[in-house]
Amino acid sequence: MARILAVGIATLDIINRVDSYPPEDSEVRALSQRRVRGGNATNSLVVLSQLGHACAWAGVLVDEPDAAPVRADLDRYGIDYSACRRLATGKMPTSYILHSQATGSRSIVHYRDLPEYDLESFRRIDLTPLDWVHFEGRNVEQTEAMLAYLRTQRPDLPVSLEIEKPRPGIERLFPHAGLLLFSRDYARAQGHGAAPALLQAVAAQSPGSDRVCAWGEAGAWALDRGGRLHHSPAVAPPQLVDTLGAGDTFNAALIDARLQGMDWPAGLVRACRIAGAKCGREGLHGVTADA
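Residues numbered from 1 in each chain as written. Predicted model: local features only at pLDDT ≥ 70, side-chain atom pairs only at ≥ 80, totals over all residues. Heavy atoms only, no water.

- In the annotation of an unreviewed UniProt entry, the entry for the chain reads Ketohexokinase, and the organism field reads Thiohalobacter thiocyanaticus.

Written as structure tokens, this is what we have:
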């Protein structure tokens, strides 16, 4: 069992499941509605907890009713959130999600009215017992400061960084993490039509890092720090049910594989298998290595 800290956000997700994605200026009836905790960092922690790790979250919590389901879900999976910055006023980030039953895909409208986690809060964390730290690639200035501080305090500690969106200056973070986890959306925003092209393009910016990019139904690629390219095909579930959180599940499964000392071919296959199994179920509960 490893002790893992993730720095990022938690959200309240309001998920409406519909027959198919509605056209503009239309009215449709939802088949069901769920209100659940979301957010990339905490999603990955929920999966890592079910894979047997001791997990902690560093983010921002506010004292308002919508924070209650977030705290309850973290408690359910034994995720420690004592390192969070706590605010008396504000609003939990909220994602309004349309989930198409026809395709399993989802579309998200996100609302945010909270400050980001900062270096001052991060410096209060006892880093001594940790085995891994994972960062969402957001809030670039403060994240860069946290990464630099981490290197002065625990230069031996493995660090991963998720790069989901093309944020201004995010490339400054690349040299600070040993494992870079890129999304297909980021690759396309940079003008790359395939994962290997992106991984080769960022190699010069991160010579000491392993680089990974998941590409949905095409599988996932890794370019290790030795310059070797690896690929695993996707593992599709018998029926596509829910893709929400699949990328976060892949990232968690890959972190777990690296902590277990798996080589790249085996680690990629395992991460694709667990992410594929997640797509065959609603939500993240029950996502394990045996899924």
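### Quick word on the pattern of salt bridges
Note that side chains of opposite charge can pair when their charged atoms are close.
Part 1: Counting across every chain of the model gives 19 salt bridges.
Part 2: Connected through salt bridges with shared partners, the residues Arg34, Asp242, Lys278 and Glu282 form a single ionic network. (Salt bridge = Lys/Arg side-chain N within 4 Å of Asp/Glu carboxyl O.)

### A short note on the packing of aromatic side chains
Part 1: Taken as a whole and judged by the stated rule, the model has 5 aromatic pairs.
Part 2: With a centroid separation of 6.1 Å and an interplanar angle of 80 degrees, the aromatic rings of phenylalanine 122 and tyrosine 149 are classed as edge-to-face. Within this pair, whereas phenylalanine 122 is found in helix α3 (residues 119–122), its partner tyrosine 149 is found in helix α4 (residues 140–153), the two being separated by 27 residues in sequence.
Part 3: Overall, phenylalanine 122 belongs to the buried group, its relative accessible area being 0%.
Part 4: Among the residues examined, tyrosine 149 registers a relative accessible area of 15% and is labelled buried.
Part 5: Between phenylalanine 174 and tyrosine 186, the ring centres sit 6.5 Å apart and the planes meet at 75 degrees, which makes this aromatic pair edge-to-face. (Phe/Tyr/Trp six-rings, centres within 6.5 Å; stacked < 30°, edge-to-face > 60°. Helix = DSSP H or I, 4+ residues; strand = E, 2+ residues; numbered from the N terminus. Buried < 20%, exposed > 50% of the residue type's maximum accessible area, 1.4 Å probe, protein only.)

### Observations regarding the sheet that holds strand β8 (residues 106–113)
Part 1: Strand order in the open sheet formed by 4 strands is β3-β2-β7-β8, with mixed pairing between adjacent strands. The two strands at the open ends of the sheet, each matched to only one other strand, are β3 (32–38) and β8. Taken pair by pair, the neighbouring strands of this sheet meet at an average axis angle of 20 degrees, ignoring direction.
Part 2: Here strand β2 (residues 11–18) pairs with strand β7 (residues 91–100) via 7 bridges, running parallel. Paired with arginine 17 across the strands is histidine 99, a residue of β7. (Pairing = 2+ DSSP bridges. Axes fitted to C-alpha atoms, helices over the stretch in contact; angles between N-to-C directions.)

### What to know about the UniProt feature "domain: Carbohydrate kinase PfkB" (unreviewed entry) in the chain
Part 1: The feature "domain: Carbohydrate kinase PfkB" (unreviewed entry), as annotated in UniProt, sits at residues 1–284 in this numbering.
Part 2: A helix fraction of 29% and a strand fraction of 27% characterise residues 1–284, whose end C-alpha atoms lie 20 Å from each other. (UniProt positions renumbered as here; feature names shortened; annotations may be inferred.)

### Here we look at the packing of helix α1 (residues 40–50) against helix α7 (residues 246–259)
Part 1: Look at α1 against α7: their axes get within 8 Å of each other, and the N-to-C directions meet at 50 degrees. The pairing of α1 with α7 is recorded here as oblique in orientation. Along this stretch, α1 crosses α7, giving a crossing that reads as right-handed. Touching Asn40, Asn43, Ser44, Val47 and Leu48 of α1 are Asp248, Thr249, Asn251, Ala252, Ile255 and Asp256, all from α7.
Part 2: Each residue belonging to the contact of α1 with α7 can be placed in one class, and the counts come to 4 nonpolar, 5 polar and 2 charged. (Parallel < 35°, antiparallel > 145°, perpendicular 65-115°, else oblique. Left-handed = near helix turned anticlockwise from the far one by under 90°. Contact = heavy atoms within 4.5 Å. Nonpolar A, V, L, I, M, F, W, Y, C, P; charged D, E, K, R; others polar.)

### Brief notes about the side chain of arginine 138
Part 1: Within the element layout of this structure, arginine 138 appears in the loop between β9 (132–136) and α4.
Part 2: Setting aside residues no more than four positions away along its own chain, arginine 138 makes contact with Ile9, Arg112, Glu116, Thr143 and Arg167.

### Brief notes about the environment of threonine 143
Part 1: Its location among the elements puts threonine 143 in helix α4.
Part 2: For threonine 143, a relative accessible area of 3% puts it in the buried group.
Part 3: Placed 26 residues apart in sequence, threonine 143 and tyrosine 117 show a C-alpha to C-alpha distance of 8.5 Å.
Part 4: Not counting chain neighbours up to four residues away, the residues in contact with threonine 143 comprise Phe135, Glu136, Arg138 and Leu173.
Part 5: Only 2.6 Å separates the side chain of threonine 143 from the backbone oxygen of arginine 138, close enough to count as a polar contact. (Polar contact = N/O pair within 3.5 Å; in protein donor to acceptor, adjacent residues only side chain to side chain.)

### Let's talk about the pairing of β9
Part 1: Counting buried residues in β9 gives 5 out of 5 residues, a clear majority hidden from the surface.
Part 2: Covered by surrounding structure in β9 are Trp132, His134 and Glu136 together with Val133 and Phe135, the residues of both alternating faces.
Part 3: Two strands pair when backbone bridges link them, and strand β1 (residues 3–7) and β9 are joined in this way by 4 bridges, in the parallel orientation. Bridge assignment links valine 7 to a residue of β9, and that residue is phenylalanine 135.
Part 4: With 4 bridges joining them, β9 and strand β10 (residues 159–163) adopt parallel strand pairing. Across the sheet, residue valine 133 finds its bridge partner in β10, namely valine 159.
Part 5: A crossover links β9 with its parallel partner β10, the connecting element being α4, and its sense is right-handed. (Right-handed = clockwise from strand over helix to strand, strands pointing away.)

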